[in-house]
Structures are given as C-alpha cells and as structure tokens.
Amino acid sequence: AQTLLRVKDKSVFQLIEDKGLQVAIESQIEELLALDEHRAVECLAAGWDSLSPETVVTSLEGRRDIIHLYLDAVFSRDFRAGAKFHNLQVELYADYDKDGLLGFLHHSVDYDIHHAFTICKARAGAK
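Residues numbered from 1 in each chain as written. Predicted model: local features only at pLDDT ≥ 70, side-chain atom pairs only at ≥ 80, totals over all residues. Heavy atoms only, no water.

### Some thoughts on the side chain of His68
Relative to the helices and strands, His68 resides in helix α6 (residues 64–77). Beyond its immediate sequence surroundings of up to four residues, His68 is in contact with Leu92, Tyr93, Tyr96 and Asp97. (Helix = DSSP H or I, 4+ residues; strand = E, 2+ residues; numbered from the N terminus. Contact = heavy atoms within 4.5 Å.)

### Here we look at the pattern of salt bridges
Tallied over the full model, the rule gives 9 salt bridges. Among the ionic pairs, Glu37 bridges to Arg63, the shortest N-O distance being 2.9 Å. Within this pair, whereas Glu37 is found in helix α4 (residues 37–46), its partner Arg63 is found in the loop between α5 (53–59) and α6, the two being separated by 26 residues in sequence. Relative accessible area serves as the criterion here: at 36%, Glu37 is assigned to the partly exposed category. Between Asp95 and Arg123 there is a salt bridge; the shortest N-O distance is 2.7 Å. Placement of the pair is Asp95 in helix α7 (residues 86–96) and Arg123 in helix α9 (residues 113–125), with a sequence separation of 28 residues. Shared partners join several salt bridges into a network, and the residues in it are Arg64, Glu91, Asp95 and Arg123. (Salt bridge = Lys/Arg side-chain N within 4 Å of Asp/Glu carboxyl O. Buried < 20%, exposed > 50% of the residue type's maximum accessible area, 1.4 Å probe, protein only.)

### Details of the packing of α7 against helix α8 (residues 98–107)
Relative orientation of the contacting elements α7 and α8 amounts to 150°, with a least axis distance of 6 Å. Here α8 runs roughly antiparallel to α7, going by the angle between their axes. Crossing of α7 over α8 shows left-handed handedness. Residues His86, Gln89, Val90, Tyr93, Ala94, Asp95 and Tyr96 of α7 form the contact with α8, whose own contacting residues are Lys98, Gly100, Leu101, Phe104 and Leu105. Of the residues in the contact of α7 with α8, the class split is 7 nonpolar, 3 polar and 2 charged. (Axes fitted to C-alpha atoms, helices over the stretch in contact; angles between N-to-C directions. Parallel < 35°, antiparallel > 145°, perpendicular 65-115°, else oblique. Left-handed = near helix turned anticlockwise from the far one by under 90°. Nonpolar A, V, L, I, M, F, W, Y, C, P; charged D, E, K, R; others polar.)

### Observations concerning the side chain of His86
Turning to its location among the elements, His86 is positioned in helix α7. On the accessibility criterion, His86 (1% relative accessible area) is buried. In this structure the side chain of His86 is engaged in a polar contact, spanning 3.4 Å, whose partner is the backbone oxygen of Phe79. Every residue in contact with His86, bar those within four places of it in the chain, is listed here: Phe75, Phe79, Phe104, Ser108, Asp110 and Tyr111. (Polar contact = N/O pair within 3.5 Å; in protein donor to acceptor, adjacent residues only side chain to side chain.)

### Focus: the nonpolar core
The nonpolar side chains of a soluble globular protein tend to be buried, and buried together. In this structure, Leu60 and Tyr70 are the most contacted members of the largest nonpolar core, which totals 26 residues. For this core, the secondary structure elements donating two or more residues are α2 (11–19), α3 (29–35), α4, α5 and α6. Among the elements that take part in this core, α6 stands out by supplying 6 residues, more than any other. With near-sequence residues (within four places) excluded, Leu60 lies in contact with Ile29, Glu30, Leu33, Ile66, Ile67 and Tyr70. Within the second largest apolar cluster, 10 residues are counted, among which are Tyr93, Ala94, Leu101 and Tyr111. (Core = buried A, V, L, I, M, F, W, Y, C linked by side-chain atoms within 4.5 Å.)

Encoded structure:
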C-alpha cells in the first residue's frame, strides 16, 4: 500500500479496503487525503473497526470539514461507532450539513440534548 501511495496510484484505496489495511496506513492519512479526499474518507470509514474513529479524528485535527465527512460516513455504517463524537457531530452537521442534522438527531442517542439545542439556537440566530 505504501508503494502505491508513494507513486500516487489511486488503486491504493481498493487495496486498503480489500485487504483491511487501514491500520497500516495510520501515519499516512494526510497523504491519502491529498490523493483523493472523498475516497480517503470512504476508505477510512470502511475500516472504522480496525482504525478507530478516535485515531482518525485526532489525525484530522483542525480539518473540521473532513472530520464531518468521516464521522458522517462512520455513522452511516454503524451509528454507535463514533458515539464519543456525537456532540461534536451536532456542531459539524450544523456547520456543514444542516439538512442532515435532523436525521442525525433522530437516529443518535449519544448526544447531549441541551448541547444540541444550544448549537441549533446559536446557528439559527447567526443567520
């Protein structure tokens, strides 16, 4: 996988997914994103059970838009997998995907309702 990544071959994503190599590329998340953000997010989310959401979110620090895409993709695979981040996801949906926020709030039980209300109220007042 590292060789394909080094030569910027997009078939690296299929190899990682087919062989479950997400853990092996933990230190190269930025390189994967540089190659193809969408495929990288999907590839990382597909391996959420081997490369933890905590590890990926930490690696993506400061990239809130990408963290949103990643956590959304994880949530769509297993709504409990990133439960630790559901309060953060409320904020991210409010910032990047207002249409998806209601569905997220409906399906998740792992966010603080008061936090969600505060975020929604603040974002509505910012218009």
